[in-house]
Structure formats: structure tokens, C-alpha cells
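# Survey of secondary and tertiary structure
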Amino acid sequence: MGFVTCGSVVKLLNVRHNVRLHSHDVRYGSGSGQQSVTGVTTVEDSNSYWSVRGTSTAVCQRGTPVRCGQTIRLTHVNTGRNLHSHYFASPLSSNQEVSAFGEEGEGDSLDEWTVLCGGAVWEREESVRFQHTATDGLLSVTGEQYGRPIHGQREVHAMLTANQHNYWRAMEGVFMKPSEAPGTRDNGSPLHTEF
């Protein structure tokens, strides 16, 4: 299966800076004061898993390939908060702040991102962009590093300029397969419908 599907749990790698999209229960000391979102070089960190979900108004059936141009939510698995952006300045670069927001996967319309990719669906090997639906900002990393308490982690923010800093690729994760077609069993034999 060469595409990303709804319900998949993935790590997202910023291709230019080689860091994975990350969050943890540490709040920004400025801006919104919401849960911080950063980029980390560690591959193994469980705080870098995000669940690919539909929006509150558009259900994304589990196992369905994510279409290019589709609006999704990315929910941080360990804290249940959604990838979020708004018109607060990010702490280091003064671009647009990206945070994690909501409770148990429910936040608001500022949690919605449009997947920008080249073909019909989001291919696993493809580098894609995520555009914040409400503000048009592109999910980006430009290399600024935090000091304590999250030393060495990179700032993740949104910016309006499309460039090499806003390409992401799905890496490690659990990719949900499309559901069985109606009328088939797990072993592939058709259901017997005669009585």
C-alpha cells in the first residue's frame, strides 16, 4: 500500500531539516500559551506520532486514501490535542505559531489542514505540504533551535511562502488498509447469499 490513509498513525519528517513533527505536554511561555509543537531529530520518540483524521464536518473513513486537496486533522496520539495554528507570533522566528490544541481529539476549525500534493492521493513516498485552512500558512521548519527545557528541538511554525522548508514526508507508523469490499469475507471468498 503506497499511500497514506485515514486512521493511520504516522511520524512526519520535515525533509529539509531532517526533524520529525513532535509535541509533548510543555506549553509555550509566550503567544497562545498552548501546548508546544517542535521538530526533533530522534527517530524513536513516541511523542512524534500523529493520527490522520477527518474534520468535524467531513468524516474520513478509516482506511480511505487521503486525497490531494483534502482537509484533515492531525491529532497528537499521546496528548489527544490537534495540530493547530492561529495569528500568534511563533517564539523564535516570529512566523505564525503552531500549537497543539483541544481535548481528546476535539478542538475547533483552526485544527484543519489541507494536504497539498501532486497526484490524486497522498503517496507515502511523496513530500507534501500542509496548508492551514483558516490562515493559508504552510507548516514549516526553518532551523531555529530552542534552549531549555526543550534544548535542541526546532521551532515548527506556519509561513505563507512556499519553499523547501515546508515539505513533509510520512515515515514510521501504522498505515490503515482500506476496509474489505462489501460482499467478501476475510479469506476473499464471496458471501453466500442464498437461503
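Rules and cut-offs
Residues numbered from 1 in each chain as written. Predicted model: local features only at pLDDT ≥ 70, side-chain atom pairs only at ≥ 80, totals over all residues. Heavy atoms only, no water. Helix = DSSP H or I, 4+ residues; strand = E, 2+ residues; numbered from the N terminus. Buried < 20%, exposed > 50% of the residue type's maximum accessible area, 1.4 Å probe, protein only. Contact = heavy atoms within 4.5 Å. Areas by Shrake-Rupley, 256 points an atom, 1.4 Å probe, with all protein chains shown as cover. Lys, Arg positive; Asp, Glu negative; His and termini not counted. Charge placed at Lys NZ, Arg CZ, Asp CG, Glu CD. Disulfide = S-S within 2.5 Å. UniProt positions renumbered as here; feature names shortened; annotations may be inferred. Core = buried A, V, L, I, M, F, W, Y, C linked by side-chain atoms within 4.5 Å. Salt bridge = Lys/Arg side-chain N within 4 Å of Asp/Glu carboxyl O. Polar contact = N/O pair within 3.5 Å; in protein donor to acceptor, adjacent residues only side chain to side chain.

Another point: the overall build of the chain. A tally of regular secondary structure across the chain gives 0 helices and 12 strands. Secondary structure elements in the chain, listed N-terminal to C-terminal, are β-β-β-β-β-β-β-β-β-β-β-β. Judged by the C-alpha coordinates and their principal axes, the chain covers about 70 × 30 × 30 Å. Of all 195 residues assigned to the chain, the portion counted as buried reaches 45%. Contacts spanning at least 24 positions in sequence make up 63% of the contacts within the chain whose residues lie at least 6 apart. Counting every atom, the chain has about 9500 Å² of accessible surface; 49% of that belongs to carbon and sulfur. Of the charged side chains in the chain, 16 are positive and 20 negative; the average position of the first set lies 4 Å away from that of the second.

Attention now goes to the state of the cysteines. Think of a disulfide as a covalent bridge from one cysteine sulfur atom to another cysteine sulfur atom. Enumeration over the complete set of coordinates arrives at 2 disulfides. Between the sulfur of Cys6 and that of Cys60 lies a disulfide, 1.4 Å long from S to S. Linking Cys6 in the segment before β1 (9–14) with Cys60 in the loop between β4 (50–53) and β5 (71–76), this pair joins segments that are 54 residues apart in sequence. Cys60 carries the same exposure label as Cys6, and that label is buried.

Feature annotation in UniProt assigns "domain: MIR" (unreviewed entry) to the following positions: residues 1–55 and 63–118. Counted over residues 63–118, helix gives 0% and strand 43%. Its end C-alpha atoms are 20 Å apart.

Moving on to unusual backbone geometry. Phi is positive for Asn18, which is not a glycine, with a value near 55°. In this fold, Asn18 is placed in the loop between β1 and β2 (19–27). Look at Asn18 and you get partly exposed, because its relative accessible area is 49%. You will see that Ser94, though not glycine, has its phi angle at about 60°, which is positive. Within the secondary structure, Ser94 is located in the loop between β6 (82–89) and β7 (96–101). Look at Ser94 and you get exposed, because its relative accessible area is 56%.

For the rest of this paragraph, the subject is the nonpolar core. Residues Leu12, Leu21, Val37, Leu83, Trp122, Phe130 and Leu139 are the most contacted members of the largest nonpolar core, which totals 31 residues. When near neighbours in sequence (up to four residues on either side) are disregarded, Leu139 contacts Leu21, Leu83, Val98, Trp113, Phe130, Val156, His157, His165, Asn166 and Trp168.

To continue, consider the side chain of Glu97. With respect to the helices and strands, Glu97 occurs in strand β7. With no salt bridge to any partner, buried Glu97 finds its closest opposite charge in Arg27, at an N-O distance of 9.3 Å. Of the polar contacts made by the side chain of Glu97, one reaches the side chain of His86; its length is 2.7 Å. The residues touching Glu97, leaving out its near neighbours within four places in the chain, are Tyr28, Ser30, Gly31, Ser32, His84, Ser85, His86, Phe88, Ala89 and Ser90.

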